[in-house]
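Coordinates in review
Letter by letter, the chains look like this.
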Amino acid sequence: MAHVTIELPTLLHRFADDQSTVAVEADSLRGALGQLTAKHPAMQVHLFDESGSLREHVLCFHNDTNTRWMDTPDVPVGDGDRLTIMQAVSGG
Amino acid sequence: MTVQLLIGTDKGGFIATSNGSRTNWTIDGPLFKGWKVTATTRDPQGRVLLGTSSSVYGPAVQISDDLKNWKQVEEGPKWPEGVGRKLNQIWTINAGHDRYYLGVDEAGLFSSDDRGETWQPVDALNEHATRSGWQPGAGGLCLHAIKIDPKNPDRIWIGISAVGVFRSDDGAKTWTPKNNGVPIVLEDKQHKDIGCCVHGLAMDPDDADLIYRREHVGMFRTSDGGENWQRNEQGLSSWFGFPISMDRNTKNLFCVPLESDEYRLPSNGKLEVFRSMDNGDTWQSVSNGLPSEHSYAGVLRGAMDVDHGSPCGVYFGNTSGEMYTSADAGEHWTKLPITLPRIMSVDVISAD
């Protein structure tokens with residue numbers, strides 16, 4: 001299991017005990033996000049839509065790679081990896 | 001008389017509190033800063049329930065027993081897998097009886113038997129035989145009104161924009177459209193008893209068969225529980241508008257007309273509240289203190305409430321974040337000295 005840090009956008013801090021980051025242990029991207037929602041169940045509805053996919057305007061970066069372009073969330077993660085969740089800039 | 005208002009806006013919830021006079025107010029908030037607060041209510045035991053949402057992170061139900069510590073409901077309203085619907089917003093919450101109900105966009109009704117901790121879909125309405133004919137209006141496909149007979153909670157009326165009113169007489173097990181007498185604005189090829197655009201409902205708490213209906217095309221009333229509706233808009237400055245509220249003691253009605261469905265603004269920039277003191281037969285403007293010109297913000301369907309004091313307090317907010325209060329049943333109005341985000345809901349959560 002790798003130690004992974006998940007960085008959260010400000011609006012979601014309140015659903016993670018007012019923390020900006022959550023440390024999880026996982027061996028894949030899917031597993032890391034699963035750990036996040038297991039620790040903080042209120043996060044589930046805010047990150048994922050009815051089909052179980054990331055919400056349309058939620059971005060998740062694995063280190064510097066946008067996970068939206070990955071074919072599968074079953075991507076290995078390594079010790080010290082960072083997942084950054086943010087809202088897409090979709091208008092202004 | 002101490003009154004607390006919970007004001008839901010595009011960027012959070014605000015609490016306005018007045019001790020005694022109902023003319024001096026303190027403002028606290030925002031609750032859920034950055035989140036839309038789209039629906040609010042307080043149950044008889046004092047629990048406050050909020051509908052929150054975000055265009056990015058979606059909707060949820062939040063509950064608090066002290067207005068300080070909040071908990072997001074984990075088993076909130078959720079469409080069953082495979083129905084292909086999205087939960088876009090929580091529009092209204094009714095927590096006045098043992099079974100709570102809430103209405104959502106895409107149009108649906110959910111119920112809770114544990115004070116809002118878990119919610120289940122009301123299939124008899126959500127999968128109604130007319131569902132294929134439900135079409136969204138300008139505000140979306142939203143179930144925004146829920147009224148329950150205080151003497152018989154098995155009798156329930158709900159309103160869906162651009163669809164109409166449905167009634168259940170058996171505790172939400174079966175539902176029947178109740179739109180006879182109301183013009184259809186979105187005609188369905190198959191289902192001829194829907195396609196009315198209800199904007200708001202007000203029920204006489206002593207006679208649940210007497211219901212007032214703010215409709216897209218006018219103001220209506222039924223005295224037989226929705227079997228038949230008649231127009232009652234004499235004196236109103238416009239047939240269009242959204243909120244309607246009733247003082248349960250005097251049975252006075254309050255509404256805010258807007259200029260037509262095309263404009264949706266106060267007519268000629270004049271912000272007016274109308275009151276009826278005769279069961280909606282006639283309406284008079286009660287607007288002393290409201291802007292007589294240059295007011296161009298709308299008032300949304302959930303953004304008005306009354307406190308049932310003597311005389312009753314009346315409260316409403318507009319889409320420019322202005323909040324107006326009256327401590328004397330609409331005779332005089334004062335603007336709160338605050339500019340809020342777009343106001344979506346106003347609820348009296350405490351009046352002692």
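Residues numbered from 1 in each chain as written. Chains lettered and ligands numbered in written order. Predicted model: local features only at pLDDT ≥ 70, side-chain atom pairs only at ≥ 80, totals over all residues. Heavy atoms only, no water.

Residues and elements named next belong to chain A. All buried positions along helix 1 (residues 29-39) are accounted for by Leu-29, Ala-32, Leu-33, Leu-36 and Thr-37. Viewed end-on, helix 1 has its buried residues packed into an arc of 130°, placing them on one side of the element. Of the surrounding secondary structure, the elements contacted by the buried residues of helix 1 are strand 1 (2-7), strand 2 (21-26), helix 2 (43-47), strand 3 (58-62) and strand 5 (81-87). (Buried < 20%, exposed > 50% of the residue type's maximum accessible area, 1.4 Å probe, protein only. Helix = DSSP H or I, 4+ residues; strand = E, 2+ residues; numbered from the N terminus. Arc of directions from axis to C-beta. Contact = heavy atoms within 4.5 Å.)

Let us look at the pairing of strand 5 (residues 48-53) of chain B. Residue and element names in this part refer to chain B. Of all six residues in strand 5, six are buried, a share of seventy percent or more. Of the two faces of strand 5, the one lined by Val-48, Leu-50 and Thr-52 and the one lined by Leu-49, Gly-51 and Ser-53 are each fully buried. Pairing of strand 4 (residues 36-42) with strand 5, which is carried by six bridges, proceeds in the antiparallel orientation. If you follow Val-37 over to strand 5, its bridge partner there is Thr-52. Linking two consecutive strands that pair antiparallel, namely strand 4 and strand 5, is a turn of five residues; a positive phi of about 105° is found at Gly-46 within it. Bridging between strand 5 and strand 6 (residues 60-64) involves five bridges; their strand directions are antiparallel. Bridging from a neighbouring strand, Thr-52 pairs with Ala-60 of strand 6. Hairpin connection of strand 5 to strand 6: six residues between the antiparallel strands, including Gly-58 at a positive phi of 80°. (Pairing = 2+ DSSP bridges.)

Attention shifts here to the packing of aromatic side chains. Aromatic rings considered in pairs are described by the distance between their centres and by the relative angle of their planes. For the coordinates displayed, the defined rule picks out 10 aromatic pairs over all chains. With a centroid separation of 5.6 Å and 85° between ring planes, the pair formed by A:Phe15 and B:Trp35 is classed as edge-to-face. Here A:Phe15, found in the loop between strand 1 and strand 2, pairs with B:Trp35, found in the loop between strand 3 (26-31) and strand 4, and the two come from separate chains. For the pair A:Phe15 and B:Trp35, a shared accessibility class is recorded, and that class is buried. Ring centres of B:Trp25 and B:Tyr315 lie 5.5 Å apart, and the angle between their planes is 80°; this geometry places the pair in the edge-to-face category. You can see B:Trp25 sitting in the loop between strand 2 (12-19) and strand 3 and its partner B:Tyr315 sitting in strand 25 (residues 314-317), a full 290 residues away along the chain. Counting every residue linked through ring pairs, the aromatic cluster contains A:Phe15, B:Trp35 and B:Tyr57. (Phe/Tyr/Trp six-rings, centres within 6.5 Å; stacked < 30°, edge-to-face > 60°.)

Further remarks concern the side chain of B:Gln4. Residue and element names in this part refer to chain B. Take Gln-4: it is sitting in strand 1 (residues 2-9). Given the relative accessible area of 18%, Gln-4 is considered buried. Here Thr-17 takes part through its side chain, which lies 3.5 Å from a polar atom of the side chain of Gln-4. With residues near it in sequence (within four places) discarded, Gln-4 still touches Ile-15, Ala-16, Thr-17, Arg-42, Leu-67, Asp-347, Val-348, Ile-349 and Ser-350. (Polar contact = N/O pair within 3.5 Å; in protein donor to acceptor, adjacent residues only side chain to side chain.)

This paragraph deals with the pairing of strand 25 of chain B. Residue and element names in this part refer to chain B. Alternating residues of strand 25 divide into Val-314 and Phe-316 and Tyr-315 and Gly-317, and every residue in both groups is buried. Two elements, strand 24 (residues 304-306) and strand 25, share three bridges in a ladder whose sense is antiparallel. Paired with Asp-305 across the strands is Tyr-315, a residue of strand 25. In the sheet, strand 25 pairs with strand 26 (residues 323-326) via four bridges, with the strands oriented antiparallel. By the bridge assignment for strand 26, Val-314 is matched with Ser-326. Linking two consecutive strands that pair antiparallel, namely strand 25 and strand 26, is a turn of five residues; a positive phi of about 80° is found at Gly-321 within it.

What follows deals with the interface of chain A and chain B. Listed per partner, the contact involves 15 residues of chain A and 17 residues of chain B. Surface buried jointly by chain A and chain B totals about 1,500 Å² across both partners, of which 58% is contributed by carbon and sulfur atoms. Area buried by chain A at its contact with chain B is led by A:Leu11, A:Arg14 and A:Glu50, which between them contribute 39% of it. Along the contact surface separating chain A from chain B lie zero salt bridges. Inspection of the region where chain A meets chain B yields six residue pairs in polar contact (both at pLDDT 80 or more). Tallied by class, the residues present in the side of chain A that touches chain B amount to nine nonpolar, three polar and three charged. (Buried area = accessible area lost by both parts, 1.4 Å probe. Salt bridge = Lys/Arg side-chain N within 4 Å of Asp/Glu carboxyl O. Nonpolar A, V, L, I, M, F, W, Y, C, P; charged D, E, K, R; others polar.)

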